[in-house]
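Spelled out from the first residue to the last, the chains are:
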Amino acid sequence: MLHQSAFVLLSLVGSIFAQDTNLATVKKAFDEAHIPGNLSLPFHPKVLLEVSFPQNIGRPITLHAGIQLPRNATAGPPFFSVVGPAGKGPFVIATVDLDPPTPQAPTLAQIRHFLGGNFVYKAPKESVLLTNRTPAVSEFRQPTPPAGSDPHRYVFLLFEQSKTFNDQTLITPTSPIFNFNISSFAAAVGLGQPIGGTFMLVGPDPTTA
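Owing to the predicted nature of the structure, the values given are computational and were not obtained by experimental measurement.

**Q** Can you walk me through the pattern of salt bridges in this structure?
**A** Once the charged atoms of two side chains with opposite charge are near each other, the side chains can pair. The final tally for this structure, using the stated rule, is four salt bridges. Between Arg71 and Asp205 there is a salt bridge, with the nearest N and O atoms lying 3.5 Å from each other. Of the two residues, Arg71 is situated in the loop between β3 (67-69) and β4 (79-83) and Asp205 in the segment after β9 (196-202); the sequence distance between them amounts to 134 residues. You can call Asp205 partly exposed: its relative accessible area is 42%. For Asp99, the salt bridge is made with Arg153, and the minimal N-O distance between the two is 2.7 Å.

Structure, rendered in structure tokens:
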């Protein structure tokens, strides 16, 4: 008999290539999940941000906005691509958990799961894949919602990088990851509004009797 998590992963095979393909659909998914309001950040995407998680077995899983993944499919780190007229970069990518410790009482929100800048196209005119030329401010942290919690929303946002981002000291690799505020941070360092994004839902690992 297949283990539950293995079954879930197999069921996702048909969704591997079901990445976001329409800006209006992405915006609708964000709005229906109340993400712009919870972030206090307007979301009017101009490009598609593709986020893919490599897997130990099989092909990577590419997100579409609102997909739910088992935690063991999100070890990462993910890799990022941009589809659409984003410009030549550089870009900033941020990932936050909107619902810690639980969606009903998110007293630790937001948790910063990734923050990195200096993303550029890996192969201009040949690929939409991004690569960052400098270490991330906050390296990727795997989702870890606590036992008993409903699934959390993990939001990935793409920004045009400001000239002051590399000199900012508000967030450093040693800064606490809890109670982060991407809206305040973006305003403080001149990132403006995100130009793209997507999100996934991840619940806690299944408990065993």
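**Q** What am I meant to see in the sheet that holds strand β6 (residues 111-121) here?
**A** Adjacent strands of a sheet pair through backbone hydrogen bonds, lying either parallel or antiparallel. In spatial order, the strands read β3-β9-β8-β5-β6-β7; together these six strands make up an open sheet with mixed pairing. At either margin of the open sheet sits one strand with a lone partner, and together these are β3 and β7 (130-132). If you compare each strand with its neighbour and ignore which way they point, the axes differ by 35 degrees on average. Across seven bridges, the pairing between strand β8 (residues 152-160) and β9 is antiparallel. Bridge pairing links Val155 to Phe199 in β9. Packed on one face of the sheet, helix α2 (residues 23-32) meets β8 and β9 and runs near 50 degrees to β9.

**Q** Quick question: what am I supposed to make of the nonpolar core here?
**A** Nonpolar side chains tend toward joint burial in soluble globular proteins. If you look at the biggest cluster of nonpolar residues, it comprises 28 residues, and the most contacted ones within it are Leu39, Val155, Leu157, Phe159, Ile182 and Phe185. If we skip the residues at most four places from it in the chain, Phe185 touches Leu115, Phe165, Gln168, Leu170, Ile171, Phe180 and Leu191.

**Q** Help me out: how do you make sense of the pairing of β8 in this one?
**A** The side chains of a regular strand alternate between both faces of the sheet. Burial within β8 is extensive, with eight of its nine residues counted as buried. Bridging between strand β5 (residues 91-97) and β8 involves seven bridges; their strand directions are antiparallel. Within β8, the residue paired with Ala94 across the bridge is Leu157.

**Q** Help me understand the pairing of strand β1 (residues 48-53), please; the structure alone is not making it clear to me.
**A** Across the six residues that make up β1, a large majority, six, are buried. Residue alternation in β1 divides its side chains into two sets, Leu48, Glu50 and Ser52 and Leu49, Val51 and Phe53, and both sets are buried. In this sheet, β4 lies alongside β1 in antiparallel orientation, the contact comprising five bridges. Note that in β4 the partner of Leu48 across the bridge is Val83.

How each quantity is defined
Residues numbered from 1 in each chain as written. Predicted model: local features only at pLDDT ≥ 70, side-chain atom pairs only at ≥ 80, totals over all residues. Heavy atoms only, no water. Salt bridge = Lys/Arg side-chain N within 4 Å of Asp/Glu carboxyl O. Helix = DSSP H or I, 4+ residues; strand = E, 2+ residues; numbered from the N terminus. Buried < 20%, exposed > 50% of the residue type's maximum accessible area, 1.4 Å probe, protein only. Pairing = 2+ DSSP bridges. Axes fitted to C-alpha atoms, helices over the stretch in contact; angles between N-to-C directions. Contact = heavy atoms within 4.5 Å. Core = buried A, V, L, I, M, F, W, Y, C linked by side-chain atoms within 4.5 Å.

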